[in-house]
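Single-letter residue listing:
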Amino acid sequence: MLAKARERSRGVTFRLGRAEQLDFPSASFDLVFSVDVIHHLADRRQHLREAYRVLRAGGKACTVTDSEWIIRHREPLAVYFPETVEIELARYPRIAGLRGVMEEAGFAEITNNRVEFPYELTDIQPYRDKAFSSLHLIAEEAFERGMQRLERDLRSGPIPCVLRYVLLWGTK
Ligand SMILES: C[S@@+](CC[C@H](N)C(=O)[O-])C[C@H]1O[C@@H](n2cnc3c(N)ncnc32)[C@H](O)[C@@H]1O
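Predicted, not measured: the structure shown is a model, and the values here were computed from it. (Residues numbered from 1 in each chain as written. Predicted model: local features only at pLDDT ≥ 70, side-chain atom pairs only at ≥ 80, totals over all residues.)

Digging into the nonpolar core
Here's step 1: Membership of the largest hydrophobic core is limited to 10 residues, which are Val32, Leu48, Ala51, Leu55, Ala61, Leu98, Met102, Ala105, Phe107 and Leu168.
Here's step 2: Within the residue set of this core, elements represented by two or more residues are α2 (44–54), β2 (55–65) and α6 (95–105).
Here's step 3: Top element by residues in this core is α6. It accounts for 3 residues.
Here's step 4: The contact partners of Leu48, leaving out residues within four places of it in the chain, are Val101, Met102 and Ala105.
Here's step 5: Grouped together as the second largest cluster of nonpolar side chains are 6 residues, Leu77, Tyr80, Phe81 and Phe143 included. (Core = buried A, V, L, I, M, F, W, Y, C linked by C-beta atoms within 7 Å. Buried ≥ 20, exposed ≤ 12 C-beta atoms within 10 Å, placed from the backbone. Helix = DSSP H or I, 4+ residues; strand = E, 2+ residues; numbered from the N terminus. Contact = placed C-beta atoms within 7 Å.)

What about the sheet that holds strand β3 (residues 108–121)?
Here's step 1: If you walk across this open sheet you meet the 4 strands as β1-β2-β4-β3, and the pairing is mixed. Both outer strands of the open sheet, β1 (29–35) and β3, are each paired with one neighbouring strand and no more. Averaged over all adjacent pairs, the angle separating strand axes in this sheet is 15°, with direction ignored.
Here's step 2: Across 12 bridges, the pairing between β3 and strand β4 (residues 159–171) is antiparallel. Of the residues in β4, the one forming a bridge with Asn113 is Leu167.
Here's step 3: Across the sheet, α2 lies against β1 and β2, angled at about 145° from β2, the strand it touches most.
Here's step 4: Across the sheet, α6 lies against β2, β3 and β4, angled at about 25° from β4, the strand it touches most. (Pairing = 2+ DSSP bridges. Axes fitted to C-alpha atoms, helices over the stretch in contact; angles between N-to-C directions.)

Here's what the structure looks like:
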């Protein structure tokens, strides 16, 4: 992933590290931004404390993630693989809880907003490849059932979908 990122954006310095232990001096960034990462972290408190530490005064953290509502209404994931919903709810933090953790870490002006990108699904290969980690966590029969429905519906044309995210902001 790093090699691909470096190839695409030659002007950017990429560093590999752990979100809970950022190898940067304090007060050195204007923005700490993550997409689809927070639910992977064992210690979210420690990550948000680290985000706060490396930000300059006035700097912002933006955590891009899924709310409970988004997980329950994911199109196509919740529609075709409804077994993913409870599994995802168990591993994703609630937005209210994250807001509390941000507050404890020292953040002010904590806000969240939702963004939506409607699109038409025409290539289901990433689903076949289980490119979404929750597809590895459901039973094989549930996965096959979902794939068969996806394949059947795709025969009638592109499948309308919506990508939704919550952007959770805080200021140092
Ligand atoms: C679902 S992917 C999202 C990748 C990318 N942000 C995107 O939106 O395409 C989750 C990423 O979190 C990273 N990750 C998991 N645990 C981490 C940790 N403790 N510190 C930093 N990154 C972590 C994984 O390596 C993976 O790249």
